[in-house]
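Given next are the chains, with one letter for each unit.
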Amino acid sequence: MHLVDDREEMNLPDWDDDTPVAVLTQTTLSVDDTKRSIDDIQNKFSNAIIRNDLCYATTNRQSAVKEITDKIDVMLVIGAPNSSNCNRLREVAEAQDVPAYLLNGLDELRPEWLEGAENVGITSGASTPEYLVQQVIDALEPDEVIEVEVAKEDITFVLPKELRD
């Protein structure tokens, strides 16, 4: 086994090119970082089996952030500071040269973040309660709210038989 951490330079093991390789991804990594890592691995190990399990909500929200960064002055990411998903969303906006701030709720919103901003983007981590997002929107008192949906999040999960009524 060899762990690849996207925060470090790709350091592939010194295995033979024909070594059987399977790649498993962690669910809330940056979509772009994951793609770069997988590409590097496939370039060295062309027969690598890839199991890319990026969370659909993570993928969709990162795509939505990319979609709006050319239309906003600042991005607010609502969610826990220890959430990998929320930190990746902040990083995606920053990678597009948009100042981005992670806040866990309305009480952490700083007025100086919004100075000079006409258009504010707001996103949240997959497990952030909707009421926290709505509190921030309400506090900003926007003239208009435009929802951006790059993919429909309509996936449902069935409980195991033993947990169903």
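Computed from a prediction, not measured in an experiment: that's the story for all the values here.

Attention now goes to the layout of surface pockets. Of the volumes computed, that of the largest pocket is approximately 1300 Å³. Where the lining of the largest pocket is concerned, the elements lending two or more residues are α2 (56–68), β5 (120–124) and α4 (130–140).

Summarising burial for strand β3 (residues 74–78): five of the five residues are buried, a large majority. Here β3 shows two buried faces, one formed by V74, L76 and I78 and the other by M75 and V77. Across four bridges, the pairing between β3 and strand β4 (residues 100–103) is parallel. Paired with I78 across the two strands is L103, which belongs to β4. This β-α-β element, β3 to helix α3 (residues 84–95) to β4, shows right-handed connectivity.

Evaluated as defined, the whole model comprises two aromatic pairs. Taken together, a centroid distance of 4.4 Å and an interplanar angle of 5° make the contact between Y101 and W113 stacked. Taken as a pair, Y101 in strand β4 and W113 in the loop between β4 and β5 lie far apart in primary sequence, twelve residues in all.

Let us look at the environment of D33. Tracing the sequence through the fold places D33 in helix α1 (residues 31–44). Note: C-alpha distance between D33 and R88 (55 residues apart in sequence) is 9.9 Å.

This part takes up the sheet that holds β5. Strand order across the open sheet formed by three strands is β4-β3-β5, with parallel pairing between neighbours. Each end of this open sheet is capped by a strand with a single partner; those strands are β4 and β5. The sheet shows a mean angle of 20° between the axes of neighbouring strands, taken without regard to direction. Strands β3, β4 and β5 of the sheet are contacted by α3, whose axis makes an angle of about 165° with β4.

Looking at the element boundaries, G105 is found in the loop between β4 and β5. Sequence-wise, G105 and G79 are 26 residues apart; in three dimensions their C-alpha atoms are separated by 7.2 Å.

The next subject is the pattern of salt bridges. Using the criterion set out here, one finds five salt bridges in the structure. E91 is the salt-bridge partner of R88, the closest N and O atoms lying 2.8 Å from each other. Of the two residues, R88 and E91 both sit in helix α3, three residues apart, roughly one turn of that helix. Given a relative accessible area of 15%, R88 falls into the buried group. Close ionic contact of E94 with R90 constitutes a salt bridge, the shortest N to O distance being 3.1 Å.

About the cut-offs
- Residues numbered from 1 in each chain as written.
- Predicted model: local features only at pLDDT ≥ 70, side-chain atom pairs only at ≥ 80, totals over all residues.
- Heavy atoms only, no water.
- 1 Å grid on protein atoms, 1.4 Å probe; cavity = no way out; pocket = protein on both sides within 12 Å on 5 of 7 lines; lining within 4 Å.
- Points joined across faces, edges and corners; volume = space filled by probe spheres on them.
- Helix = DSSP H or I, 4+ residues; strand = E, 2+ residues; numbered from the N terminus.
- Buried < 20%, exposed > 50% of the residue type's maximum accessible area, 1.4 Å probe, protein only.
- Pairing = 2+ DSSP bridges.
- Right-handed = clockwise from strand over helix to strand, strands pointing away.
- Phe/Tyr/Trp six-rings, centres within 6.5 Å; stacked < 30°, edge-to-face > 60°.
- Axes fitted to C-alpha atoms, helices over the stretch in contact; angles between N-to-C directions.
- Contact = heavy atoms within 4.5 Å.
- Salt bridge = Lys/Arg side-chain N within 4 Å of Asp/Glu carboxyl O.

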